[in-house]
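One letter stands for each residue in the lines below.
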Amino acid sequence: MDFLATSEGQLFVGVAVGLIAVGAAYLLFSSNKPKVCLNPEKFKEFKLVKKTQLSHNVAKFKFALPTPTSVLGLPIGQHISCRGKDSQGEEVIKPYTPTTLDSDVGYFELVIKMYPQGRMSHHFREMREGDYLAVKGPKGRFKYQPGQVRAFGMLAGGSGITPMFQVARAILENPSDHTKVHLIYANVTYDDILLKDELDGLAKNYPDRQYTNASIQVGFFGPFSSLFPPEVWNGGVGFVSKEMIQAHCPAPASDIQVLRCGPPPMNKAMAGHLEALGYSAEMQFQF
């Protein structure tokens, strides 16, 4: 007790109390911080809790994370590797981009187009609620940071819409991000359009950011381009052309970037169009 009465003893007690307070604050902060689930080196399994058939060959898969407050931990613009088995029972690994963000806690979703001869398509086609999917990540070269460019042009084909949707949604849901988004999305038929309701939802939910004026124009979705449009159709028709890109994408500049994601023939054609229009390699990125 005599020691505590001295100035040295009071200093010791003060330091000890301070350290305890810091430790408690750290533990509290750590406990409140969402648990990140992805591991870039190791596959982890996640339970399929809901499978929603959107069309004859497209379905939405909802996977539960370990806790209701867990997040997947996927940076914007990156993807995950999914492991499954093909119709012959052989292992197959393929990249996919979730349509959810880390603001969606406790789960993640994949919208998958299942092709007749697709090896991983077979695995997803056979999945039932209660099954588990092996996932590893994050993967990819693209990492989005708000304000890294003034505007994005987006050229998507088929299931290549998923990384574009992920980036566009992140931009629109961030009120301090004023990046412009110009999307051209090509499909063979109207029924092939993935995430149409979600894209329409972004346009409806953020009208003030989408159409306020030409200088803002965040999230300009259009046109969908279809080779075989329905009778009532306001979008483009035919293959995506240089003229379409000129009309709907930002002009070449050091502070813009055009993102590409689609079937290999489309990616090759778009690269040719962009080069002919004066877009340098630094102004382009292919997922």
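- If you check an unreviewed UniProt entry, the protein chain appears there as FAD-binding FR-type domain-containing protein from Rehmannia glutinosa.
- In its Sequence similarities (unreviewed entry) section, the UniProt entry covering the protein chain states "Belongs to the flavoprotein pyridine nucleotide cytochrome reductase family."
- Looking at the protein chain in UniProt, the text filed under Cofactor (unreviewed entry) is "FAD".

### Quick notes on the pattern of salt bridges
- For the coordinates displayed, the defined rule picks out 8 salt bridges.
- In this structure, Lys-196 and Asp-200 form a salt bridge, with 2.8 Å as the shortest nitrogen-oxygen distance. Note that Lys-196 and Asp-200 are positioned in helix α5 (residues 196–205) at a spacing of 4 residues, about one turn of the helix.
- Here the salt bridges do not stand alone but share partners, grouping Asp-86, Glu-90 and Arg-119 into one network.

### Comments concerning the packing of helix α4 (residues 161–172) against α5
- Following both chains from N to C, one finds α4 and α5 inclined at 20°, their axes separated by 11 Å at the closest point. Relative to α5, α4 is oriented roughly parallel. In the packing of α4 onto α5, the handedness of the crossing is left-handed. When α4 is examined against α5, the residues Ile-161, Phe-165, Arg-169 and Leu-172 are found in contact with a partner set consisting of Glu-198, Leu-199 and Leu-202.
- Of the residues that constitute the contact of α4 with α5, the class distribution is 5 nonpolar, no polar and 2 charged.

### Considerations on empty space enclosed by the protein
- Scanning the entire structure with this criterion turns up 1 cavity of 30 Å³ or more.
- Roughly 40 Å³ of internal volume is contained in the largest cavity.
- Split by residue class, the lining of the largest cavity holds 5 nonpolar, 1 polar and 2 charged.

### Thoughts on the pairing of strand β7 (residues 151–157)
- Across the 7 residues of β7, 7 count as buried, placing the element largely inside the fold.
- In this structure, β7 lies alongside strand β8 (residues 180–189), joined through 7 bridges in parallel fashion. By the bridge assignment for β8, Gly-157 is matched with Ala-186.
- With respect to chirality, the unit in which β7 leads through α4 into the neighbouring parallel β8 is right-handed.
- Inspection of the sheet shows β7 paired to strand β11 (residues 256–261) by 6 bridges, in the parallel sense. The partner of Phe-152 across the bridge, within β11, is Gln-257.

How each quantity is defined
Residues numbered from 1 in each chain as written. Predicted model: local features only at pLDDT ≥ 70, side-chain atom pairs only at ≥ 80, totals over all residues. Heavy atoms only, no water. UniProt positions renumbered as here; feature names shortened; annotations may be inferred. Salt bridge = Lys/Arg side-chain N within 4 Å of Asp/Glu carboxyl O. Helix = DSSP H or I, 4+ residues; strand = E, 2+ residues; numbered from the N terminus. Axes fitted to C-alpha atoms, helices over the stretch in contact; angles between N-to-C directions. Parallel < 35°, antiparallel > 145°, perpendicular 65-115°, else oblique. Left-handed = near helix turned anticlockwise from the far one by under 90°. Contact = heavy atoms within 4.5 Å. Nonpolar A, V, L, I, M, F, W, Y, C, P; charged D, E, K, R; others polar. 1 Å grid on protein atoms, 1.4 Å probe; cavity = no way out; pocket = protein on both sides within 12 Å on 5 of 7 lines; lining within 4 Å. Points joined across faces, edges and corners; volume = space filled by probe spheres on them. Buried < 20%, exposed > 50% of the residue type's maximum accessible area, 1.4 Å probe, protein only. Pairing = 2+ DSSP bridges. Right-handed = clockwise from strand over helix to strand, strands pointing away.

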